[in-house]
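Fold and contact review
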Amino acid sequence: LATAIVASALVSLTLTAMMCAHILKPQPKDKAQAHEQKNVVARVSERIWDRAVAAYDRGLQWVLQHQALTLGATAATVLFTALLAVVVPKGLFPQQDTGLLLGVTEAPPDISFAAMSERQRAVADVVRADPDVQTVSSFIGADGTNPTLNSGRLSITLKPHHARAGAQEIIHRISARLSDVGGIAVYLQAVQDLQIDTRTSRTQYQYTLEDADPDELAAWAPRLLDRLRALPDLTDVASDQQAGGLQLALVVDRDTASRLGVTSQAVDDTLYDAFGQRQVSTIFTQLNLYRVILEVSPAYQQNPQALDQIYLRSQSGASVPLSAFTHYERRQVALSIAHEGQFPAVTLSFNVAGGGSLGRAVKAVEEAFAGLGAPMGLHGDFQGAARAFGESLTSEPLLILAALITMYIVLGVLYESYIHPITILSTLPSAGVGAFLALIVCGEEFSIIALIGIILLIGIVKKNAIMMIDFALVAEREEKKSPREAIHQACLLRFRPIMMTTAAALLGGLPLALGRGIGSELRRPLGITIVGGLLLSQVLTLFTTPVIYLYMERAASWVRRRRGIAEPATETAAATGGEGSS
């Protein structure tokens, strides 16, 4: 936006002036002759504009005769803007339909690789059977993406946008069918163009608990998980806590092993030969090489009883059964322990329920943790997109305030006045009302994209007041007209350019607001705020700005009298006569 504004300023000061000099033609002073020289379209449009200006003049005369009522409507607009800013649903970025879905699968922690492979294949078959799915990629196994063996990933490509349903509808349909696949949970979400999260989670938003005491963390994390699952604003609540894994501990009787001549190194080497990934040779061919891995037959890797059939070579050369000096114990351990910084952590992830907003979901999570009664050592905080959303709620009002202060300073320097910048900025609440109302009516959240639209509106809307006030000030100073006469004349003369520039901006925002297709959800809030803000502000500012101007002029006159600064007699008399009827 900033770059485009700088470029447009250069064009307007150079190219536009050159085109006016070469393209614009002198108009005859005789209005009848000038009217006859125009074509039919121009004459019809002129009649339309004349009628519009006449209708506006009638409304403007009524407003100028009821200035107190108009001022009250302006104040109500400011209060209504503040109210809508509080109640409008808030979010970070709109949820897009990019044609790609990400699926995260999770089975019980004690599942084997073979069983996980079978269940993952069943899930992929159900997803592939959906009529709107084009391709499915599925994989399991612990690696940089999957933290544990009991988790998997699905990458789903949907059919072209025009030939299928929406992404959320497809997710709900597939999730309902996947409920028939037992022993595995599936979490689906649409892939977004804008990604803030640096970690891969089961669902879109994360809330992390951390505690220096792992036992305390393990006890309280499931309690918060149960509370979050009961909240209506959240869905697909999951946890990365994997505390139910199975471990087989081999206990060695060292005294017996010593009598039998078996060393600890021999036990380690034998078990690694049987169940590890020991490379014992390499086979070279003309085109490739193949590494030879030593292990027992896969049939002996499925049951702990296979340990009873393993023999070791003692120091004397005799074969000794492993079971002669060992026994094994089954234990439950965590498959993985996550950390946030230096402390053990558990991340609870969630999606926003249909029809809800991220703002309500974040507030519900905070209230759930506050009502948990957790110990002082347990801390919770949002991560990723949810954390960025909380930070944006803090920075957005400051950004808007900084923009307003900057504009006030610049306008004050331009007009050499403390008063009339307020007149210009008084047009902004009407734009906020229109933008917020449009978002609520269209069911959109107030997101970062909508905030960009608000910032853009600030520049467009204040232009209306600048065109009026700049002309009125010139009429006052050079033509010695009263403030009422000056602003009335300015409104009528600047009505046409105001309407034309506003219509151009409004029509430019319509494709964004009405557009459909892949990723259009990200652009829609920008168009909605522009169209809604301009529609309402155009109607209000054409009538409220003249009244604010007159009140500001009275305030400036009062300040000058308090300071003992004499006013020009012509201006004072004209102002007194012009305002007497109101």
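Our structure is the block above this text.
Reading the values: the criteria
Numbers given for residues are sequential positions, taken from 1 along each chain in its written order. pLDDT decides what is reported in this predicted model: residues at 70 or higher carry local features, side-chain atom pairs at 80 or more are listed and counted, and totals for whole chains, interfaces and linings draw on all residues regardless. To get the side-chain values, all heavy atoms of the structure are used, and hydrogens and water are removed first. One requirement defines pairing of two strands: DSSP has to find at least two bridges between them. Helical segments are the DSSP runs of H or I of at least four residues, strand segments are the runs of E of at least two, and each set is numbered from the N terminus. Every axis corresponds to a line fitted to the C-alpha atoms, with the helix fit spanning only the stretch in contact, and the corresponding angles, defined between N-to-C directions, vary from 0 to 180 degrees. In this analysis, two residues are considered to be in contact whenever any of their non-hydrogen atoms come within 4.5 Å of each other. In this scheme, a helix's expected span is set at 1.5 Å multiplied by one less than its residue total. Relative accessibility thresholds used throughout: buried, under 20% of the residue-type maximum; exposed, over 50%; partly exposed, between the two (1.4 Å probe, protein chains only). Each nonpolar core is a collection of buried residues, namely Ala, Val, Leu, Ile, Met, Phe, Trp, Tyr and Cys, held together in the definition by side-chain atoms within 4.5 Å.

The next thing to look at is the sheet that holds strand β2 (residues 133-140). The strand order across the open sheet formed by four strands is β2-β3-β1-β4, and the pairing between neighbours is antiparallel. Lying at the two open borders of the sheet, with one neighbouring strand each, are β2 and β4 (185-190). When strand polarity is set aside, the average angle formed by the axes of neighbouring strands in this sheet is 20°. Of the strands in this sheet, β1 (100-106), β2, β3 (151-158) and β4 touch helix α7 (residues 167-178), which is tilted by about 175° from β4.

Here the focus is helix α1 (residues 2-13). An ideal rise of 1.5 Å per residue puts 16 Å on 12 residues; α1 measures up with 17 Å between its terminal C-alpha atoms. Among the 12 residues in α1, zero count as buried, and that is only a small part of the element.

So, on to unusual backbone geometry. The backbone of D236 sits at a positive phi, close to 55°, despite the residue not being glycine. Looking at where D236 falls in the secondary structure, it is placed in strand β6 (residues 234-239).

By the element assignment, G59 lies in helix α4 (residues 40-65). With relative accessibility at 24%, the residue G59 sits in the partly exposed group. Taking the C-alpha atoms as reference, G59 lies 32 Å from V88; in sequence the two are 29 residues apart.

Counting residues in hydrophobic clusters, the biggest one holds 28 residues, and the most contacted among them are L209, L224, L228 and F350. At the level of secondary structure, the elements contributing two or more residues to this core comprise β5 (205-210), α8 (214-229), β6, β14 (343-352), α11 (358-370) and α12 (384-415). In contact with L224, other than residues within four places in its own chain, are Y207, L209, L348, A368, F369 and L372. Within the second largest apolar cluster, 24 residues are counted, among which are I140, I170, I171 and A190.

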